[in-house]
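Okay, here's what each chain looks like letter by letter:
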Amino acid sequence: MKGTLRRSLAGLATSALASAALVAAVPALADGPTSADIAASATNTSAVLTNGMGPWGQRYSTLTQVNTSTVKNLVPAFASSLGGEKQRGQESQPIVYDGTIYVTGSYSRLFAFDARTGEKKWEYNARLPDGIMPCCDVVNRGAAIHGDKIIFATLDAHLIALNRHTGKVIWNKAIADYQAGYSATAAPMIVKDMVIYGNSGGEFGIVGSVQARDVNTGELIWERPTIEGHVGTLRGQPNGMTGKLNATWTGDLWKTGGGATWLGGTYDPESNLIFMGTGNPGPWNSHLRPGDNLYTSSTLAIDADTGVIKWHFQTTPHDGWDFDGVNEFIPFDATVGGKPMKLGAKADRNGYFFVLDRTNGKFVSASKFVMQTTWANGFNPKTGRPNYNDDNRPGAPVGAEKGKVVFSSPSFLGGKNWMPMAYSQQTGLFYFPSNDWGMDIWNEPIAYKKGAAYLGAGFTIKPIAEDHIGALRAMDPTTGKIVWEYKNKAPLWGGVLTTAGGLVFTGTPEGYLKAFDAKTGQELWKFQTGSGVVGSPVTWQQDGEQYVAVMSGWGGAVPLWGGEVAKTFKEISQGGSLWVFKLPKN
Amino acid sequence: MSEPLHRRALLRSALQAGLVAGAAALLPRPLAAAPLAKVKADGRLRVGVYADNRPWSWTEGGVLRGIDVDLGKALARALGVEPQVVEFFAGDDLGADLRNVVWRGGLLGFQPCDVMLHVPFDRQLMIENDQVAIVAPYTREGFGLVCGPEGGDCEAPPVQFRGKRIAAETATLSDAYLLGSFGGVLRSNVRHFQSGYAAMAAVGTGTADVAMGTRAQVEAALHDFPAAGLKRRKGPIPALPSPGWDVAMAVKDNSRTLGDALETIVGELVAKGAMASIFATYGVEWHAALAG
């Protein structure tokens, strides 16, 4: 494998030099990270400046002090509680800069902790209207840092920039109307002094979009709707239609087509492309919306300066299983068939691991990574489209009878849901938390919403293996082969970190932060944090020592679903703490 | 219907206990704390109604109005307490609404209501939501169709609406019917709106030719756009998957004393004609619930 896969760090190294020059030339911006620092942050081991630990989102650190030999000695340095009664799912990834750890908490809160002592510096509680009824949980997935600001999104669909020293509001902008069903939980991304943000909301009637706002004022610079027929804007002017009107949608269904960008994206500084995943189409019953329904369940590559879509790849055309396609697209470089390539990878809700040419969106490969994919039998390498199993599409209701019930794997919670994967530049492997589960799914002729008869879909989620639902898997992106897997009884719902110390870290709902050998998958260390871990771990170096941090606090979408799956986590207690670890001094 | 009847029988027996509790403060604590007694002790009935659900409940000029709003006030008056009618945003399904509004409250501080209005009296809903009791069906809803001056023959088979501008609320049963029936021939003619009333109003203002929605939405539009030349379809809509449904209210499963008191009040409002006059204010004809 080493022979066929050669890593390239040249691009990143160049960016790092450029940023150093910029900082020196503009001392006025010295109070905090610049956009150039952020673009080069993947190689900065003394800080964690972005969600994903660098714009590519590889979650890879070159630090080696904690390694396969020493990790067994890892002990807590401190734990900091988020306090109060608001202990629900903690899906945040910490941001670390200049002796401070910034974490967001459930209920749209942001905390600043001293990175050496764990003492709280300040706390910001967004004032939320009590009328919001979030669909899932009240999670938040993290903040973005830039200059003197720390920026995060709130459940009532606002972006808020706080002074990172004081926690005082600098600007606060509504990015969508929460009364129309929009919300916001993803971590923002900083690109060229802009805050890049997606949107999220309930199942009916919303349209996905990506916004770029001035990081200093919060004013809108460009917006790009994700559904064909809608027109984007650049600095207040129309900037071209997304796709072609009615090419893949009938009538005016595109106006309410879905495609929410609820997870945010990644960025490639070299090509200046933002990669953003889009959610499922509406309505539920796919028979009512013939066509591919672009650009739902897709990855979009968007020019960061103008918001124009440069390429797209649809992972589930004409989605009828609520697979959604928001999963992160992570750039990496590798040699395929003797040819060095600029690639990107995405482990999709639909159970396939995609490798694409990130410069043009061309299909390279799609490999099954869960036990079963009932809806399709692989992808056609020529067209990049799924080989559908037509019998496995839930049927249309006939009169008052529900449509044909099908057993579908993965379940709509996905082969992999929101939890971000990691790519090791050392092993050339991707590490992702996946889940083996299926569902009975059908279209209901009559369900009720808002007190009246509506379209509905019915689901029953069930495990498909005796011994596990969750599985942390290591995939070789050049061969599509699973190199190793670690099975977990409860569904995995937290992010992954990998390091040049030969390690892979991830958390479990059972409350453990665990470390594995990146080459073999052997479990080398674990620590019980007291509640389920559904956050994403990070690492950095401070005062000559390597630190590892993760949020603990059980919640998210999984506990909402009962039945057989719930048996695996019914004893897990809620929580809300930041845990920080390091090796003992001697 | 055996399940709802069973529930109603249970409520009857609970009623007697509740009335006693309300009458005598000397009873042991568990009974004195019964929900009906608590509503009376608080002097307030908190009633949850859907936001943006015209003609049942909507906000206009900062004032919450509609059939359900007036009914909520009438229920409180009959109990001898102050009404507190509050609107809430619909969740993805009824289960979410019952959780947020009746038995748990919103995660962000929305206080549970004593009663939530406009809950379908549906057996499957009752089975799936055993934290609440669905009681006191107060009217029957169904589907209707309205045509504007350019809508052609409103009594024609719906396939003949092909080419017309047809309005419906997104993802409702009306929407599915128009998109999916007759081999999908009407699919490209359907225009989607965020509420049923907005779809009706589109015909009222001439931006659509035909609209399909609930019966109350149709009648409210006829009432609100008297000069628009609207016609209502008199014949049935063929091959509809739903014959209509009874509209009821939900209380917490342990609030059956309140639930039965509300059933009694609904019966009285119907008998006095007060129920029909509340509906008439909004141009809607009251129909008795089948289970009532």
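Throughout, residues of each chain are indexed from 1 in the direction in which the sequence is written. Chains and ligands are labelled sequentially in the order written, the chains with letters from A and the ligands with numbers from 1. Side-chain atom pairs in this predicted model are given and counted only at pLDDT of 80 or more, local residue features only at pLDDT of at least 70, and totals for whole chains, interfaces and linings cover all residues.

- As annotated in an unreviewed UniProt entry, chain B carries the name Transporter substrate-binding domain-containing protein and comes from Novosphingobium aerophilum.

- Within an unreviewed UniProt entry, the label attached to chain A reads PQQ-dependent dehydrogenase, methanol/ethanol family, and the organism entered is Novosphingobium aerophilum.
- UniProt positions are given in the numbering used here, feature names are shortened, and annotations may be inferred rather than shown by experiment. Under the UniProt heading Sequence similarities (unreviewed entry), the entry covering chain A gives this text: "Belongs to the bacterial PQQ dehydrogenase family."

**Quick look at the overall build of chain B**
Part 1 of the reasoning: Along its length, chain B carries eleven helices and twelve strands.
Part 2 of the reasoning: Our exposure labels follow a C-beta count within 10 Å of each residue's own C-beta, placed from the backbone: buried means 20 or more other C-beta atoms, exposed means 12 or fewer, and partly exposed covers the counts in between. Relative to its 292 residues, chain B shows a buried fraction of 51%.
Part 3 of the reasoning: Sequence-distant contacts, at least 24 apart, represent 71% of the contacts inside chain B between residues at least 6 apart. Numbered from the N terminus, helices here are DSSP runs of H or I no shorter than four residues, and strands are runs of E no shorter than two. Any residue pair is listed as a contact if its two C-beta atoms, each placed from the backbone, are within 7 Å.

**Here we look at the domain arrangement of chain B**
Residue and element names in this part refer to chain B.
Part 1 of the reasoning: Parsing chain B into structural domains produces domain 1 (2-141 + 245-281) and domain 2 (143-232).
Part 2 of the reasoning: Contact residues are listed per partner, giving five residues for domain 1 and six residues for domain 2.
Part 3 of the reasoning: A per-class count over the side of domain 1 that touches domain 2 returns two nonpolar, no polar and three charged. Domain delimitation in this document rests on an assignment produced automatically or drawn from a domain database. Amino acid classes used here: Ala, Val, Leu, Ile, Met, Phe, Trp, Tyr, Cys and Pro are nonpolar; Asp, Glu, Lys and Arg are charged; the rest, including Gly, are polar.

**Description of the sheet that holds strand β10 (residues 210-214) of chain B**
All names here are of chain B.
Part 1 of the reasoning: Spatial ordering of the open sheet is given by β9-β8-β10-β7-β11, a layout of five strands whose pairing is mixed. Two strands bound the open sheet, and with one partner strand each, they are β9 (190-193) and β11 (231-232).
Part 2 of the reasoning: Strands pair, by our definition, only if DSSP identifies at least two bridges between them. Pairing geometry for strand β7 (residues 143-147) and β11, over two bridges, is antiparallel. Each residue of the ladder has a partner; that of Val146, found in β11, is Arg232.
Part 3 of the reasoning: Packed on one face of the sheet, helix α7 (residues 173-180) meets β7, β8 (166-169), β9 and β10 and runs near 140° to β8.
Part 4 of the reasoning: Fitting a line to C-alpha atoms yields each axis, with helices limited to the stretch in contact; the angle taken between N-to-C directions then spans 0 to 180 degrees. Running at roughly 30° to β7, helix α9 (residues 215-224) makes contact with β7, β10 and β11 of the sheet.

**Points about the packing of helix α4 (residues 67-79) of chain B against helix α10 (residues 256-272) of chain B**
All names here are of chain B.
Part 1 of the reasoning: Between α4 and α10, the least distance of the axes is 10 Å, while the angle of their chain directions is 110°. Judged on the interaxial angle alone, α10 and α4 are roughly perpendicular. Contacts between α4 and α10 involve Ala74, Leu75, Ala78 and Leu79 on the former and, on the latter, Ala261, Leu262, Ile265, Glu268 and Leu269. Here the angle decides the label: under 35 degrees means roughly parallel, over 145 means roughly antiparallel, 65 to 115 means roughly perpendicular, and every other value means oblique.

**Details of the UniProt feature "domain: Solute-binding protein family 3/N-terminal" (unreviewed entry) in chain B**
Part 1 of the reasoning: Under the feature "domain: Solute-binding protein family 3/N-terminal" (unreviewed entry), the UniProt entry names residues 44-285 of chain B.
Part 2 of the reasoning: Summarising residues 44-285 of chain B: 33% helix, 26% strand, and an end-to-end C-alpha distance of 29 Å.

**Some remarks on the nonpolar core**
Generally speaking, a soluble globular protein has its nonpolar side chains buried in company with each other.
Part 1 of the reasoning: As used here, a nonpolar core is made of buried Ala, Val, Leu, Ile, Met, Phe, Trp, Tyr and Cys residues. They are joined through C-beta atoms within 7 Å. If you look at the biggest cluster of nonpolar residues, it comprises 259 residues, and the most contacted ones within it are Val115, Ala211, Met249 and Ala250 of chain B.
Part 2 of the reasoning: Among the elements that take part in this core, strand β32 (residues 437-449) of chain A stands out by supplying seven residues, more than any other.
Part 3 of the reasoning: If you count residues domain by domain, this core takes at least three from each of domain 1 (2-141 + 245-281) and domain 2 (143-232) of chain B.

**Concerning the environment of Thr62 of chain A**
Residues and elements named next belong to chain A.
Part 1 of the reasoning: Locating Thr62 in the fold gives a position in the loop between β1 (60-61) and β2 (75-81).
Part 2 of the reasoning: Here Thr62 falls in the partly exposed class, since 16 other C-beta atoms lie within 10 Å of it.
Part 3 of the reasoning: Between the alpha carbons of Thr62 and Ile461 there is a distance of 40 Å; along the sequence they are 399 residues apart.
Part 4 of the reasoning: Not counting chain neighbours up to four residues away, the residues in contact with Thr62 comprise Thr43, Thr45 and Ala500.

**With respect to the sheet that holds strand β12 (residues 189-191) of chain A**
Strands pair in a sheet through their backbones, by hydrogen bonds, and they do so in one of two ways: parallel or antiparallel.
Residue and element names in this part refer to chain A.
Part 1 of the reasoning: Reading across from one edge, β12-β13-β15-β16-β17-β18 is the order of the six strands in this open sheet, with antiparallel pairing throughout. The sheet is open, and its two borders are formed by β12 and β18 (237-241), each paired with just one other strand. Here the strands of the sheet are splayed against their neighbours by 25° on average, with no regard to which way each runs.
Part 2 of the reasoning: Pairing of strand β17 (residues 231-234) with β18 involves three bridges; the strand directions are antiparallel. Considered in β18, the bridge of Leu234 is made with Gln237.

**What to know about the UniProt feature "binding site: pyrroloquinoline quinone" (unreviewed entry) in chain A**
Residues and elements named next belong to chain A.
Part 1 of the reasoning: Mapped onto the present numbering, the UniProt feature "binding site: pyrroloquinoline quinone" (unreviewed entry) falls at Glu91, Arg141, Thr185, Asn417 and Trp418. Their sequence span is 328 residues, while the largest C-alpha to C-alpha distance among them is just 14.3 Å; these annotated residues converge on one region.
Part 2 of the reasoning: One can find Thr185 in the loop between β11 (182-183) and β12.
Part 3 of the reasoning: If we ignore the near neighbours within four places in the chain, the residues touching Thr185 are Val139, Asn140, Arg141, Ala153, Ser200 and Trp262.
Part 4 of the reasoning: Secondary-structure assignment places Asn417 in the loop between β29 (406-408) and β30 (422-423).
Part 5 of the reasoning: You can call Asn417 buried: it has 23 C-beta atoms within 10 Å.

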